[in-house]
Amino acid sequence: MTPITLAAIHHDPGGRLTEQIARLLPQLQQHFAALVVCVTDVTPRATFELLASAGACVRREPAAGALKVGRARRTALALALEYAAHPIFACDFDRALHWLEYYPAELQATVTTGAEYDFCVFGRTPRAFASHPQVQRDTEAIINTVFARMSGCEWDLVAAARSLSRPAATAILRDCPEEGVGVDMAWPLFLQRSGGFRMHYHACEGLEFETADRYPAEIAAAGGLAAWIAAIDADPLEWVQRLAIARAAIEAGYPYLQ
């Protein structure tokens, strides 16, 4: 099996996932030859130390908000290139943890599949996509629709999981300057327009809604997961924020319209 480096970003101000990380780290290290994690500076120091003590390459980065998340993803990519001579599996850390917890065999198969290409986008199956709040489904569907019009590819982009060969990662860092949430849109469009890269798409069950893993007490207080998600969908501010993300992602595709 080809050795793979996990390049992840992690934002967890309340340290809600620390126990899950401690429990799953040994398994995570069985799936990946190296771990690179950019941790926001508002995430507890204990999380940083836990990862570092396990041998991960960990970098503390300023928390810049959702619209600037691409900057941290670029940093994780650059660190992965420096840290180990492997292809890269880039995934938000909470997504990777959920995937490993509930779909470990699929995660392993996915990592293996991704190593066969220069760039592989991992999206959600219809069931996994439907597990998310409506505010995410509706706004992320807009991003996917625009990407399909621009690329000819019916891909689910916004699960933030992808594999990259070292040449693809190097090309992105050198010539694709997007630093916002639009990296989901810009990276595949850049590589497609550049030509010469083997690209692929694969839908996965393990990319189901992972955010609920952080809030068991709140979900219980709301009367269950469905009620908790309904409260998210009822909040107008959630729609404002998600629409802003969708707009920024789509605008990141403008340079590749030519």
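Residues numbered from 1 in each chain as written. Predicted model: local features only at pLDDT ≥ 70, side-chain atom pairs only at ≥ 80, totals over all residues. Heavy atoms only, no water.

## Let's talk about the side chain of Glu 208
Consideration 1: Tracing the backbone shows Glu 208 in the loop between strand E7 (199–204) and helix H10 (216–222).
Consideration 2: Judged by relative accessible area, Glu 208 falls into the buried class, the value being 12%.
Consideration 3: A polar side-chain atom of Glu 208 sits 2.7 Å from a polar atom in the side chain of His 98.
Consideration 4: Apart from residues lying up to four places away in sequence, Glu 208 is in contact with Arg 95, His 98, Tyr 102, Tyr 103, Arg 127, Ala 128, Ser 131 and His 132. (Helix = DSSP H or I, 4+ residues; strand = E, 2+ residues; numbered from the N terminus. Buried < 20%, exposed > 50% of the residue type's maximum accessible area, 1.4 Å probe, protein only. Polar contact = N/O pair within 3.5 Å; in protein donor to acceptor, adjacent residues only side chain to side chain. Contact = heavy atoms within 4.5 Å.)

## A few points about the pattern of salt bridges
Consideration 1: Considering all chains together, one arrives at 20 salt bridges under this definition.
Consideration 2: Note that Arg 214 and Asp 94 form a salt bridge whose closest N and O atoms lie 3.1 Å from each other. Note that Arg 214 is positioned in the loop between E7 and H10 and Asp 94 in helix H4 (residues 93–102), a separation of 120 residues in sequence. One exposure class covers both Arg 214 and Asp 94, and it is buried. (Salt bridge = Lys/Arg side-chain N within 4 Å of Asp/Glu carboxyl O.)

## Quick look at the side chain of Thr 47
Consideration 1: Structurally, the position occupied by Thr 47 is in helix H2 (residues 45–53).
Consideration 2: Its relative accessible area of 0% is what places Thr 47 among the buried residues.
Consideration 3: Once residues within four sequence positions are removed from consideration, Thr 47 is found in contact with His 10, Thr 18 and Ile 21.

Any functional reading would require information that these geometric values do not contain.
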